[in-house]
Every structure is written in structure tokens, then in C-alpha cells.
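# Examining the three-dimensional arrangement
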Amino acid sequence: MRHWKKTIASVTFASSLLLSGCMNGETPEQEIFETLEKVVDLEESFEAQQEPLLELEQKEKQIYDEIITLGMKEFDQIVKLAEEGSSLVEQREEAMTAEKESIETARKQFEEVKTSIESLDNENLKKEAQSLYQLMEKRYEAYMTLSGHYMEAIELDKELYELFQKEDLTLEELQLQINKINELLVKIKESNQAFNEFTEQYNEAKFTFYKNAGLNVEYKN
């Protein structure tokens, strides 16, 4: 099957955290907390794109499944469905672009944490924070790989729906295009898994850092 469910882990489940207690002049540890939780807020729009993207993929899958059950005697119906599929692909492209912009904005915010990390006096804590930073950078790089593959697949999907509108389309042409898409979907699945794994590792490392830094973190009501 050429379609897939796009499920991505995020850092947003931590958005209900706050730093309790009096802060008379922020320490580097507190500055790191504030920056990392700003990143959480900035990724909210990234999280918001997940459900719409999944819904679009599911709708497009239904159209694709319907097209491949039709014969050439129903070419007019195939063309109509292919046009609908193309429209959904364009909507996915817009949603993915918005998602990527959100990640890029969050990444710029995250990079500001480097200054606070260098200001840490405790060397062990500094190493821990540096490892945390590297994990997040790997996460962002994994996302950029994922995004790149996904956008490539979108272009191939556009080509596929154009092919469906060719009355002289051959089975060989169709199979070749589907093979290209399926090859990319394997790469998407792999990069998606890497992104999710780095996200989980980052979230665990972040809360461990908060604990070791002595930050009094609690959940908002």
C-alpha cells in the first residue's frame, strides 16, 4: 500500500510544566528551563498539523483505492477522482510546509540555550546539558530528513494523479510510479522512526536534567 499514517512524537506533552518557587534572578539552570519550555510552546503549531495531515492522508487513500478499482470505461470518473486526489496532495503540501516552519522557528529558539549551558558551574550538569542539546539537534536533523522525503513523495503523488488522467496510461507506467513512491515511503518510515526515538530520548533526558539541576518543576492545573 502506497499510503502511510504519519504519526510523529513531539515535545508538547511537557507543555503543562512550570517552574514553581521564587526566582530572584534567574540561574543558568532556570534560564535553560525557560528556553526549553518556550520551545514546547513554539512546537504547538507543529503538533496541530498532525491530525489534519492524517485526515488528508486517509481521504486520499480512499480516493486512490477507488481509482484502482475502476476500469478505463469509467475514465471520466477516474479523472474526477484524480483531480480530487491532486487537491488533497496540495493541501498536504501546505500543511507540511506549515509544520516545517514551526519546527524551524522552535529550533532557532532552542539554539539560544547554548549560552546558558556554557554558564553552568557544575561540570557534570554542563555535560548533561550538552548531551541534551546534542539529542535535540539529532532530533531536528532527523525531522529535516523526514520532511525532505515527505515532500519528495508529495511530488511523486502529484505525478501519479496526472498519470491517472492519461487515457493511454499503461500498466507499466503506473507500476513504475508506484514503485518510486513505495521506495520513498520506506525512507519516510525509517526517518519518522528515528525522529520519534530521538524525541523520546530528548524528553527523558530533559526531565532528568530538570531533576538533577534541582529545579522545582510541577504541572499546571
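Above: the structure in question.
Residues numbered from 1 in each chain as written. Predicted model: local features only at pLDDT ≥ 70, side-chain atom pairs only at ≥ 80, totals over all residues. Heavy atoms only, no water.

## Side note on the overall build of the protein
If you tally the helices and strands in the protein, you get 7 helices and 2 strands. Tracing the protein from N to C terminus, the helices and strands come up as β-α-α-α-α-α-α-α-β. With the model as given, the accessible surface of the protein reaches about 11900 Å², and the carbon-plus-sulfur share is 47%. (Helix = DSSP H or I, 4+ residues; strand = E, 2+ residues; numbered from the N terminus. Areas by Shrake-Rupley, 256 points an atom, 1.4 Å probe, with all protein chains shown as cover.)

## A look at the packing of aromatic side chains
The final tally for this structure, using the stated rule, is 9 aromatic pairs. By the ring-pair criterion, three or more aromatic residues cluster together here, those being Phe33, Phe207, Phe209 and Tyr210. Over the ring of Phe207 we find Lys206; its NZ or CZ atom is 5.5 Å from the centre of that ring. (Phe/Tyr/Trp six-rings, centres within 6.5 Å; stacked < 30°, edge-to-face > 60°. Lys NZ or Arg CZ within 6 Å of the ring centre and 35° of its normal.)

## Some thoughts on the packing of helix 1 (residues 28-42) against helix 7 (residues 171-212)
Contact geometry for helix 1 and helix 7: axes closest at 11 Å, N-to-C directions at 150°. Regarding the angle of helix 1 to helix 7, the classification is roughly antiparallel. Read as a crossing pair, helix 1 and helix 7 show a hand that is left-handed. Only Tyr202, Lys206, Phe209 and Tyr210 of helix 7 make contact with helix 1, whose side of the interface consists of Ile32, Phe33, Leu36, Glu37 and Val40. (Axes fitted to C-alpha atoms, helices over the stretch in contact; angles between N-to-C directions. Parallel < 35°, antiparallel > 145°, perpendicular 65-115°, else oblique. Left-handed = near helix turned anticlockwise from the far one by under 90°. Contact = heavy atoms within 4.5 Å.)

## Regarding the side chain of Lys126
One can find Lys126 in helix 6 (residues 123-163). What makes Lys126 buried here is its relative accessible area of 12%. In contact with Lys126, other than residues within four places in its own chain, are Ile117, Glu118 and Leu120. (Buried < 20%, exposed > 50% of the residue type's maximum accessible area, 1.4 Å probe, protein only.)

## Some details on the nonpolar core
Ranked by size, the top nonpolar core spans 52 residues in total, and within it Leu36, Ile67, Phe110, Phe164 and Phe209 carry the most contacts. A per-element tally of this core places helix 6 first, with 15 residues. When residues no more than four places from it in sequence are discounted, the contact partners of Ile67 are Ile78, Leu81, Ala82, Tyr161 and Phe164. (Core = buried A, V, L, I, M, F, W, Y, C linked by side-chain atoms within 4.5 Å.)

## So, the layout of surface pockets
Approximately 180 Å³ is the volume attributed to the largest pocket. For the largest pocket, the full set of lining residues is Ile67, Ile68, Leu70, Met72, Phe75, Ile78, Phe164, Lys166, Leu169, Thr170, Leu171 and Leu174. Among the secondary structure elements, those contributing two or more residues to the lining of the largest pocket are helix 3 (50-69), helix 4 (75-111) and helix 7. The class makeup of the residues in the lining of the largest pocket is 10 nonpolar, 1 polar and 1 charged. (1 Å grid on protein atoms, 1.4 Å probe; cavity = no way out; pocket = protein on both sides within 12 Å on 5 of 7 lines; lining within 4 Å. Points joined across faces, edges and corners; volume = space filled by probe spheres on them. Nonpolar A, V, L, I, M, F, W, Y, C, P; charged D, E, K, R; others polar.)

## Re helix 1
The terminal C-alpha atoms of helix 1 lie 21 Å apart, and with 15 residues this matches the ideal 21 Å at 1.5 Å per residue to within 8%. Those residues of helix 1 that fall on the buried side of the exposure criterion are Glu29, Gln30, Ile32, Phe33, Thr35, Leu36, Glu37, Val39 and Val40. (Expected span 1.5 Å × (residues − 1).)

## Some remarks on the environment of Thr35
Within the secondary structure layout, Thr35 lies in helix 1. With 78 residues separating them in the primary sequence, Thr35 and Val113 have C-alpha atoms 6.2 Å apart.

## A few points about the packing of helix 1 against helix 4
Packed helix pairs are specified by the crossing angle of their axes together with the interaxial distance, meaning the distance between the axes. It is at 9 Å that the axes of helix 1 and helix 4 come closest, and there the two elements cross at 170°. Considered as vectors, helix 1 and helix 4 are oriented roughly antiparallel to each other. Judged by residue contacts, Thr35, Leu36, Lys38, Val39 and Leu42 of helix 1 engage Ser102, Thr105, Ala106, Gln109 and Phe110 from helix 4.

## Re empty space enclosed by the protein
Scanning all chains against the criterion turns up 2 cavities of 30 Å³ or more. Here the second largest cavity defines a volume of roughly 30 Å³. Around the second largest cavity sit Ile32, Leu36, Phe110, Val113, Ile117, Ala129, Leu132 and Tyr133, which together line it. Counting residues per element, the ones that place at least two in the lining of the second largest cavity are helix 1, helix 5 (113-118) and helix 6. The element that contributes the greatest number of residues to the lining of the second largest cavity is helix 6, accounting for 3 residues. Its residues assigned to classes, the lining of the second largest cavity comprises 8 nonpolar, no polar and no charged.

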